[in-house]
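A look at the structure
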Amino acid sequence: MRHVALPTLFHTLRQNGGRLLGLDLGDRYVGVAVSDPACAIALPHSVLILKSSTPFMTVNALDELVRKYSVSGIVVGYPLALAGLRRQQAVNVDYFIKDLEWTGRFENLCCFYEDERFTSKTCILAFFCRLYGM
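Predicted, not measured: the structure shown is a model, and the values here were computed from it.

Considerations on the overall build of the protein chain
- Counting its secondary structure elements, the protein chain contains 4 helices and 6 strands.
- Taking all 134 residues of the protein chain together, the buried fraction comes to 34%.
- Considering only intrachain contacts with a sequence separation of at least 6, the fraction spanning at least 24 residues in the protein chain is 58%.
- Approximately 8,800 Å² of the protein chain is accessible, and the part contributed by carbon and sulfur atoms is 59%.

What follows is the structure in structure tokens.
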């Protein structure tokens, strides 16, 4: 898996096609979203249960989604503290992505870490701006 900047990710998608897979890692679950073919919007797809006894079940499920939807890139929510410092959950995200890389199954994918600070407020603002034609 190549870690890339957002412009590089979209350049790769324009060249190669494919969809994006969104991952939102929690303590017990991974929220999964899949983009439309144009990568204009992502919709919730599923929730994977994280269990230390069955890590390969999570890897197998993600690998299946990558193949089924012709995924070219992964966008991972990266939970930084407001001051920009890495919290424990961000470290857990790093470990999770390293584990995915270790399997060797996702070598052809690009990976982008999306800073999660203020994302909900940004989405709400964008929604109301569009709703009211602003």
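A few points about unusual backbone geometry
- A positive phi angle, near 60°, is found at Cys-39, a position not held by glycine.
- Checked against the element boundaries, Cys-39 lands in the loop between strand S3 (29-35) and strand S4 (42-49).
- Using a relative accessible area of 16% as the deciding quantity, one classes Cys-39 as buried.
- Positive phi, close to 50°, is recorded for Ser-70, a residue that is not glycine.
- With relative accessibility at 48%, the residue Ser-70 sits in the partly exposed group.

Quick notes on the pattern of salt bridges
- Scanning the entire structure with this criterion turns up 4 salt bridges.
- A salt bridge links Arg-67 to Asp-63; its shortest N-O distance comes to 3.4 Å. On the criterion of helical spacing, the pair formed by Arg-67 and Asp-63 is a turn pair, its members being 4 residues apart in helix H2 (residues 55-68).
- A relative accessible area of 62% means that Arg-67 is categorised as exposed.
- Residues Asp-63 and Arg-105 are paired through a salt bridge, measuring 4.0 Å at the closest nitrogen-oxygen approach. Of this pair, Asp-63 sits in helix H2 while Arg-105 sits in the loop between helix H3 (88-103) and strand S6 (110-115), placing them 42 residues apart in sequence.
- Looking at Arg-105, the relative accessible area reads 37%, which means it is partly exposed.

Details of the nonpolar core
- By size, the foremost hydrophobic cluster in this structure holds 26 residues, and its most contacted members are Leu-21, Leu-23, Leu-62 and Leu-100.
- Going through the elements one at a time, strand S2 (19-25), S3, H2, strand S5 (71-78) and H3 are the ones with two or more residues in this core.
- When residues of this core are assigned to their parent elements, the largest contribution, 5 residues, is made by H3.
- Every residue in contact with Leu-23, bar those within four places of it in the chain, is listed here: Val-30, Gly-31, Val-32, Leu-62, Ile-74, Val-75, Val-76, Gly-77, Phe-96 and Leu-100.
- The next biggest cluster of nonpolar side chains, apart from the first, holds 7 residues, and it includes Val-4, Leu-9, Leu-13 and Cys-110.

What counts, and where the lines are drawn
Residues numbered from 1 in each chain as written. Predicted model: local features only at pLDDT ≥ 70, side-chain atom pairs only at ≥ 80, totals over all residues. Heavy atoms only, no water. Helix = DSSP H or I, 4+ residues; strand = E, 2+ residues; numbered from the N terminus. Buried < 20%, exposed > 50% of the residue type's maximum accessible area, 1.4 Å probe, protein only. Contact = heavy atoms within 4.5 Å. Areas by Shrake-Rupley, 256 points an atom, 1.4 Å probe, with all protein chains shown as cover. Salt bridge = Lys/Arg side-chain N within 4 Å of Asp/Glu carboxyl O. Core = buried A, V, L, I, M, F, W, Y, C linked by side-chain atoms within 4.5 Å.

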